[in-house]
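Tertiary structure, described
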Amino acid sequence: MKHEAVLIVDFGGQYDQLIARRVREHQVYCELRPYTITLDEIRAFDPIGIIFTGGPSSVYDDAAPHIDPGVFELGVPILGICYGCQLMAQALGGAVTPAQDDSAREYGKTYTYFDTNCRLFKGLPAESVTWMSHGDYMAKVPDSFTLAAHSDNCPNVAIADEARGFYGVQFHPEVNHTEFGRDMLKNFLYEVCRARGDWTMEDYKNSAVASLREKIGDGKVLLALSGGVDSSVAAALLAEAVGSQLTCVFVDHGLLRKDEGDQVEAAFAPWAINFIRVNAEERFLSKLAGVAEPERKRKIIGEEFIRVFEAEAKKLGKVDYLAQGTIYPDVVESGTGDAAVIKSHHNVGGLPDYVDFKEIVEPLRLLFKDEVRQLGRELGLPEYLVSRQPFPGPGLAIRVIGEVTKDKLDTLREADFIFRDEVAKAHLEGTMDQYFAVLTNMRSVGVMGDGRTYDYTLALRSVTTSDFMTADWTRIPYETLDAVSTRIVNSVPGVNRVVYDITSKPPSTIEWE
Ligand code: XMP
């Protein structure tokens, strides 16, 4: 069954992916496509509605991105946001100019007054806060449009052509700062585009399974399973679709967290797939012996991973498909967005060169991370796998500072487990996006019972972040830090001191190496 779909035309705005997520949250499928999309492609997409995103340009610039004006003749409702609003106004006979003075330029939270007879604002308060970010001004609104919202500085914050279902807003309804932004998008989808809301994970799962079956036929599929969320959900979806035709190679490099390897294996036990777990701990540790430099560790692990995977793949002979857990944010590029990139998975860089296969399948390439997690739940994967925090490809090797040994890894595994366990007991997972222990290579003096100790210092790290590019250290309650520290020094041999890392990123990074 074909889903009803909204087309989001990408003009390079910074919130474009957020618009797509918001639309899907309202259970309407959508895709972001670059503004270079042709009219024929739009017709083939057959959208129930179109959204023009914001963008960094000014519509009157020579090089400004435009769209085929035939889009206004398709009889499909359009919502223009910020740049998208100005573009629509200009294309339909209005005029856009640079704001004459600072008062007409609006940035940030702006008190806005709405005409609640307009379908976009139906059922919402007549006054609320919106989030603006525009330096251009609609000097003339196209004839067929009426004004649907204003602010103290700007008479035309929103414009509407109800008959054609065209709406333009100068603010960003997709960001949280716009108080009723979600409701406005919902109104566009349900009041204007008459959406039914058929995008549910159960439907998605069923249609993805059906289309994978059709595509793969009786072919063989190979997938490198890391145990992370994306590759696990991709594996589960393929397992559901083609069962024993799927081979998952799970390279356990011995650098995983406590019990993680067994958990991954157990999670896939319900499916009759060919699950190959390669216990390669010794191989990795012997390659890492004597190596202290972080980038060198990464390189060794990456290369070794490929070798191990390659050896397993060779045993299988030719496969038809190589599956990857690429997700939508990996695929979409802003603005011109023409390059659909194939994820160079952290551990699997260059992999396709090593394996004899016909084609790549990426069954998650239309999903956002939170949708991937939802799909994982729908497929029956356990919660500990589905809601797993990010874990670096090189694993604990970059959390043991300096040389990596089996003893140090075991010490770290135990301490890291205690940290995670106490966080779970205190119900703090929701306040942190990544949290883990680091075994420093510093030793210091302590006292235990009557004896003096000279043991390692263990560091705790927890960050709160939305994009992992910048991050703040998490304000963990003292009681929890106390419980973690006490339990670790009492039960993990070799550790006599625990410290908490209170630096943000930048200037630090999230990992220590
Ligand atoms: P940093 O330490 O650079 O980490 O602030 C940002 C995010 O990236 C993860 N990370 C890695 N992931 N291979 C990976 O797959 C790596 O070598 C690697 N190094 C860092 C880190 O865990 C954090 O989520």
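Here, every reference points to the structure presented above.
Residues numbered from 1 in each chain as written. Predicted model: local features only at pLDDT ≥ 70, side-chain atom pairs only at ≥ 80, totals over all residues. Heavy atoms only, no water.

It is worth spelling out the overall build of the protein at this point. Scanning the protein from terminus to terminus reveals 14 helices and 20 strands. The dimensions of the protein, computed from C-alpha atoms along their principal axes, are 85 × 60 × 40 Å. Within the protein, residue pairs in contact and separated by at least 24 positions form 74% of the contacts whose partners lie at least 6 positions apart. Accessible area for the protein stands at about 22000 Å²; split by element, carbon and sulfur atoms hold 50% of it. Each charge class in the protein was averaged separately, 53 positive and 76 negative side chains, and the resulting centres sit 5 Å apart. (Helix = DSSP H or I, 4+ residues; strand = E, 2+ residues; numbered from the N terminus. Contact = heavy atoms within 4.5 Å. Areas by Shrake-Rupley, 256 points an atom, 1.4 Å probe, with all protein chains shown as cover. Lys, Arg positive; Asp, Glu negative; His and termini not counted. Charge placed at Lys NZ, Arg CZ, Asp CG, Glu CD.)

Our next topic: the site of the ligand. By nearness alone, eleven residues border the ligand, and Arg298, Gln434, Lys505, Ile510 and Glu511 come closest of all. Here an oxygen atom of the ligand sits 2.5 Å away from a polar atom, N or O, in the side chain of Glu511. Looking at the shell around the ligand residue by residue, the class counts come to four nonpolar, four polar and three charged. (Near = heavy atom within 4 Å. Polar contact = N/O pair within 3.5 Å; in protein donor to acceptor, adjacent residues only side chain to side chain. Nonpolar A, V, L, I, M, F, W, Y, C, P; charged D, E, K, R; others polar.)

Now for the packing of helix H6 (residues 229-242) against helix H11 (residues 369-378). At a closest axis distance of 9 Å, the pairing of H6 and H11 adopts a crossing angle of 45°. By the angle between their axes, H6 is oblique relative to H11. Pair H6 / H11 crosses with left-handed handedness. Side by side, H6 and H11 meet where Val229, Asp230, Val233 and Leu237 of the first sit next to Lys369, Val372, Arg373, Leu375 and Gly376 of the second. Of the residues that constitute the contact of H6 with H11, the class distribution is five nonpolar, one polar and three charged. (Axes fitted to C-alpha atoms, helices over the stretch in contact; angles between N-to-C directions. Parallel < 35°, antiparallel > 145°, perpendicular 65-115°, else oblique. Left-handed = near helix turned anticlockwise from the far one by under 90°.)

Before going further, it helps to examine the sheet that holds strand S3 (residues 49-52). What the nine strands build is an open sheet, ordered S2-S1-S3-S4-S11-S10-S9-S6-S7; its pairing is mixed. Looking at which strands have only one partner, the edges of the open sheet turn out to be strand S2 (29-34) and strand S7 (127-134). In this sheet, neighbouring strand axes are inclined to one another by 25° on average, regardless of whether the strands run parallel or antiparallel. Here four bridges tie strand S10 (residues 158-161) to strand S11 (residues 166-169), and the two strands are oriented antiparallel to one another. Paired with Asp161 across the bridge in S11 is Phe166. Of the strands in this sheet, strand S1 (5-10), S2, S3 and strand S4 (78-81) touch helix H1 (residues 16-25), which is tilted by about 160° from S2. Contacting S1, S3, S4, strand S6 (106-114) and S11, helix H4 (residues 181-192) runs over the sheet at an angle of about 165° to S4. (Pairing = 2+ DSSP bridges.)

Glancing now at unusual backbone geometry. For the bond running from Lys505 to Pro506, omega is -15°, close enough to zero to count as cis. Structurally, Pro506 is set in the segment after strand S20 (495-500). If you check the backbone angles, Cys82 has positive phi at about 55° while not being a glycine.

Counting 117 residues, the largest nonpolar core has Phe52 and Phe268 as its most contacted members. The greatest single-element share of this core, amounting to ten residues, is contributed by H6. Counting residues in hydrophobic clusters, the runner-up holds 36 residues, among them Cys30, Ile81, Cys193 and Tyr328. (Core = buried A, V, L, I, M, F, W, Y, C linked by side-chain atoms within 4.5 Å. Buried < 20%, exposed > 50% of the residue type's maximum accessible area, 1.4 Å probe, protein only.)

Before going further, it helps to spend a moment on the side chain of Lys205. Mapped onto the elements, Lys205 comes out in helix H5 (residues 201-216). This buried residue, Lys205, is left without a salt bridge; Glu378 holds the nearest opposite charge, at 4.8 Å. (Salt bridge = Lys/Arg side-chain N within 4 Å of Asp/Glu carboxyl O.)

We now examine the packing of aromatic side chains. The final tally for this structure, using the stated rule, is 16 aromatic pairs. For the ring pair Phe52 and Phe72, a centre distance of 6.1 Å and an interplane angle of 80° mean the geometry is edge-to-face. Here the residue Phe52 occupies a position in strand S3, and Phe72 occupies one in the loop between S3 and S4, the gap between them amounting to 20 residues. Residues Phe52 and Phe72 agree in their burial class; the two are buried. Each ring, one from Phe419 and one from Tyr435, has its centre 5.9 Å from the other, and the planes form 85°; the classification is edge-to-face. Pair noted here: Phe419 is in helix H13 (residues 406-425) and Tyr435 is in strand S17 (residues 434-448), with a separation of 16 residues, a long-range link. Judged by its relative accessible area of 1%, Phe419 is buried. We classify Tyr435 as buried; its relative accessible area is 10%. (Phe/Tyr/Trp six-rings, centres within 6.5 Å; stacked < 30°, edge-to-face > 60°.)

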